[in-house]
Amino acid sequence: MVDGPTLALDAMGGDNAPDVVIRGADIALARMPDLKLILVGDEAQLRPLIEKTKRLANSDFKLVHTDKAVGAAEKPSVALRSGRNSSMRLAINQVAEGAADGVVSAGNTGALMAMSKFVLRMCPGIERPAIASFFPTRRGETCMLDLGANVDCDSQNLVQFALMGEIFSRLVLGLSRPTVGLLNVGSEEQKGSDAVRGAAAILREIKSESFEYIGFVEGDDITAGTVDVIVTDGFSGNIALKTAEGTSRMITQFLRDAFKSSWAARIGYLLCRGALEQMRKRLDPRRYNGAVFLGLNGISVKSHGGTDALGFANAVCVAADMCRYNFLDKVKEEIALYGDYEGAALTRQTSVAS
């Protein structure tokens, strides 16, 4: 049997580490028995937890000891300077040294981004990394990026995000030809910033069999599932993400309050409990856990800091899928073709302007 991917786990990162990380790793091994894990953290804390697991304890795992961890509120610049021996940094180093194919951490997002970028460097042809994840929609799931890594983006950044996003969707969601849209304030071609309109001009020139550029999409298209990949800058993307999370919590609270409002409402809850459970599972944030730092010359996945073991396992599986399907190689291949399209679009724009 061909060996599966090897992942380095920051065992001390996250609100409920290391317990959640160890139990999540055990769940991931149940789904992917060929997975190999490198656990980075305090051995005195990890060993007792590992011994309680069904699969991890009997797997061929490796443990890298360190009693240092990056704090949840630590500034990225401080973590980068003083966290050389932290569990997060040593886990990332495993990828840079070739011992692991990818890294997963539930720790400080800014620190993980800064360390990953510093250690792994950028993928050739990519100027900036982007945070990508999935949203539940009325017709399935939609990939969205950037979700907060870059406040300001130019046209080239957005086009690169589009190419990385469609590859990500093909590999993780199994789509044969995902549709791509640029988030904008309207669908008309004259609307939006120079960066958005410039990216649209370039994407229209790309005639690809691997994805289809649809055009501009608006905020309500995110949950409608109008396209498979939504591309935007990190400022707008992060606001959309936090708004969606807040709306989900608000609706959940409204439903709870409504079903507690009277005896008739409580009886109504009992009658529709099955349907509500189905909806809860569909919107369960653990299903979509695992934001990926696309654009790095290595696989780095961020788990939500407050997730449970099931959510962390999902993040591990996202990283494993990206390694298994050679995500980095596919990005390099498509980015190598991007320069020709960019030049054609820029030439056409110059001719029109003159």
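Everything discussed here concerns the structure shown above.
Below, the structure is looked at part by part. Everything numeric here is computed off the predicted structure, so don't read it as measured data.

Each value, and the rule that gives it
- Residues numbered from 1 in each chain as written.
- Predicted model: local features only at pLDDT ≥ 70, side-chain atom pairs only at ≥ 80, totals over all residues.
- Heavy atoms only, no water.
- Helix = DSSP H or I, 4+ residues; strand = E, 2+ residues; numbered from the N terminus.
- Rg over C-alpha atoms; globule rule 2.2 N^0.38 Å.
- Buried < 20%, exposed > 50% of the residue type's maximum accessible area, 1.4 Å probe, protein only.
- Contact = heavy atoms within 4.5 Å.
- Areas by Shrake-Rupley, 256 points an atom, 1.4 Å probe, with all protein chains shown as cover.
- Lys, Arg positive; Asp, Glu negative; His and termini not counted.
- Charge placed at Lys NZ, Arg CZ, Asp CG, Glu CD.
- Pairing = 2+ DSSP bridges.
- Axes fitted to C-alpha atoms, helices over the stretch in contact; angles between N-to-C directions.
- 1 Å grid on protein atoms, 1.4 Å probe; cavity = no way out; pocket = protein on both sides within 12 Å on 5 of 7 lines; lining within 4 Å.
- Points joined across faces, edges and corners; volume = space filled by probe spheres on them.
- Nonpolar A, V, L, I, M, F, W, Y, C, P; charged D, E, K, R; others polar.
- Right-handed = clockwise from strand over helix to strand, strands pointing away.
- Parallel < 35°, antiparallel > 145°, perpendicular 65-115°, else oblique.
- Left-handed = near helix turned anticlockwise from the far one by under 90°.

### Overview of the overall build of the protein chain
Here comes step 1: For the protein chain, the helix and strand inventory stands at 13 helices and 11 strands.
Here comes step 2: What you see for the protein chain is a C-alpha radius of gyration of 21 Å, in line with the 20 Å of a compact globule of 354 residues.
Here comes step 3: Considered along the principal axes of its C-alpha atoms, the protein chain spans approximately 70 × 60 × 45 Å.
Here comes step 4: Going through the 354 residues of the protein chain one by one, you find that 51% of them count as buried.
Here comes step 5: In the protein chain, once contacts between residues fewer than 6 apart in sequence are set aside, the share between residues at least 24 apart is 74%.
Here comes step 6: When the accessible area of the protein chain is evaluated, it comes to approximately 16800 Å², of which 52% is carbon and sulfur surface.
Here comes step 7: Each charge class in the protein chain can be summarised by its mean position, and for the 40 positive and 42 negative side chains these summaries are 6 Å apart.

### With respect to the sheet that holds strand E3 (residues 62-65)
Here comes step 1: Spatially, E3-E2-E1-E4-E11-E10-E5-E6-E9-E7-E8 is the arrangement adopted by the 11 strands of the open sheet, whose pairing is mixed. Sheet topology places E3 and strand E8 (212-217) at the edges, where each strand pairs with a single neighbour. Sheet twist, expressed as the mean angle between neighbouring strand axes with direction ignored, is 25°.
Here comes step 2: Note: strand E5 (residues 130-137) against strand E10 (residues 291-294), 3 bridges, orientation antiparallel. The residue of E10 that forms the bridge with Ala 130 is Leu 294.
Here comes step 3: Docked against the sheet, helix H5 (residues 109-120) engages strand E4 (102-105), E5, E10 and strand E11 (299-302), running at close to 180° with respect to E11.

### Digging into empty space enclosed by the protein
Here comes step 1: By the definition in use, this model includes 1 cavity of 30 Å³ or more.
Here comes step 2: In this model, the largest cavity occupies a volume close to 40 Å³.
Here comes step 3: Forming the walls of the largest cavity are Gly 13, Gly 14, Asp 15, Asn 16, Ala 17, Val 20, Val 21, Ala 106, His 304, Gly 305 and Thr 307.
Here comes step 4: Looking at the lining of the largest cavity residue by residue, the class counts come to 4 nonpolar, 6 polar and 1 charged.

### So, the pairing of E8
Both faces of the sheet carry side chains from a regular strand, because those side chains alternate between them.
Here comes step 1: Here strand E7 (residues 179-183) pairs with E8 via 5 bridges, running parallel. Counterpart to Leu 183 in the pairing with E8 is Val 217.
Here comes step 2: At this point the chain moves from E7, through helix H7 (residues 194-205), to the parallel E8, and the crossover so formed is right-handed.

### Overview of the layout of surface pockets
Here comes step 1: Considering only enclosed or pocket space, the second largest pocket measures out at about 220 Å³ in volume.
Here comes step 2: Forming the walls of the second largest pocket are 14 residues, and the residues nearest its centre are Asp 101, Gly 298, Ile 299, Cys 323 and Leu 328.
Here comes step 3: Listed by contribution, the elements that provide at least two residues to the lining of the second largest pocket are helix H4 (87-96), helix H12 (309-324) and helix H13 (327-353).
Here comes step 4: The greatest single-element share of the lining of the second largest pocket, amounting to 3 residues, is contributed by H13.
Here comes step 5: Residues belonging to the lining of the second largest pocket are distributed by class as follows: 9 nonpolar, 3 polar and 2 charged.

### Details of the pairing of strand E1 (residues 6-10)
Here comes step 1: Judged by how many residues are buried, E1 sits mostly within the fold: 5 of 5 residues are covered.
Here comes step 2: Residues of E1 alternate between two faces, with Thr 6, Ala 8 and Asp 10 on one and Leu 7 and Leu 9 on the opposite face, all of them buried.
Here comes step 3: Pairing analysis gives 5 bridges linking E1 to strand E2 (residues 36-41), with the strands arranged parallel. The residue of E2 that forms the bridge with Ala 8 is Ile 38.
Here comes step 4: The parallel pair E1 and E2, bridged by helix H1 (residues 19-31), forms a crossover whose chirality is right-handed.
Here comes step 5: Relative to E4, E1 runs parallel, the two sharing 3 bridges. What sits directly across from Leu 9, in E4, is Val 104.

### Structural notes on the packing of helix H6 (residues 155-173) against H7
Here comes step 1: Where H6 contacts H7, the axes come no closer than 8 Å and their chain directions differ by 50°. Between H6 and H7, the interaxial angle falls into the category oblique. The element H6 and its partner H7 pack so that their crossing is right-handed. Residues Ser 155, Leu 158, Val 159 and Ala 162 of H6 pack against Asp 194, Ala 195, Val 196, Gly 198, Ala 199, Ile 202 and Leu 203 of H7.

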